[in-house]
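Survey of secondary and tertiary structure
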Amino acid sequence: MKDKIKVIISDNQKKVKIPTGIRLLVRRCCNAVLVNEGFTGSAEISVTFVDDERIRDINLEHRDIDASTDVLSFPLGEDGKYDINMVTGAQMLGDIVISMEHAVSQAQQYGHSFEREVAFLTVHSMLHLLGYDHVNGGIEAVRMREHEETELEQLGLKRNGSYHMDE
């Protein structure tokens, strides 16, 4: 049986109208990261679009940070081992939560399209689900940034000279 990638997308916000094609773009980003990172086997990823208020609540609940943010990643695996969906046999990589309000403002701030910002946030989070980290800076952050830009370039979403840096 061929490996399947299932991306479950939920829009749990009303502040930003989701343009046609965003769901397909998110799926393409998830697939591209898995292919480029050499991931094998079937996989499931959950992506939820929320507003700033909701992502702030989630950030406070899970990270004890009382602030909204652009994206949160909740990996369900460690060291390349993931929980398995007993019905489908797929590896459950985890959850991605994107603030659509943040995506709009960051796209404006960095001078690129909303689509490119959502793609960046999706790729960034997918790399977190696969074990990448940038929190401590240094070579890990550089490595993650290189992978992000490679993925986006392959999707036809090249950087225009500026990019998002966390904290």
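Before any of the text, the structure's been laid out above.
Nothing here was measured: the structure is a model prediction, and the numbers come from that model. (Residues numbered from 1 in each chain as written. Predicted model: local features only at pLDDT ≥ 70, side-chain atom pairs only at ≥ 80, totals over all residues. Heavy atoms only, no water.)

Next up on the list: the nonpolar core. Judged by nonpolar contacts, the single largest core of 39 residues is most densely connected at Val26, Ile45, Val47, Phe49, Leu93 and Met126. Where this core is concerned, the elements lending two or more residues are strand E1 (5-11), helix H1 (22-36), strand E2 (43-50), strand E6 (91-99), helix H3 (100-110), helix H4 (114-129) and helix H5 (138-154). Val26 has contacts with Val7, Ile9, Val47, Phe49, Val118 and Thr122, leaving out every residue within four places of it along the chain. Core analysis: the next-biggest nonpolar cluster, separate from the first, contains five residues, Val50, Ile55, Ile58 and Val97 among them. (Core = buried A, V, L, I, M, F, W, Y, C linked by side-chain atoms within 4.5 Å. Buried < 20%, exposed > 50% of the residue type's maximum accessible area, 1.4 Å probe, protein only. Helix = DSSP H or I, 4+ residues; strand = E, 2+ residues; numbered from the N terminus. Contact = heavy atoms within 4.5 Å.)

Relative to the helices and strands, Thr122 is located in helix H4. Judged by its relative accessible area of 0%, Thr122 is buried. Apart from residues lying up to four places away in sequence, Thr122 is in contact with Val26, Cys29, Cys30, Ile96 and Ile98.

Remember that the coordinates give geometry; whether it matters functionally is a separate question.
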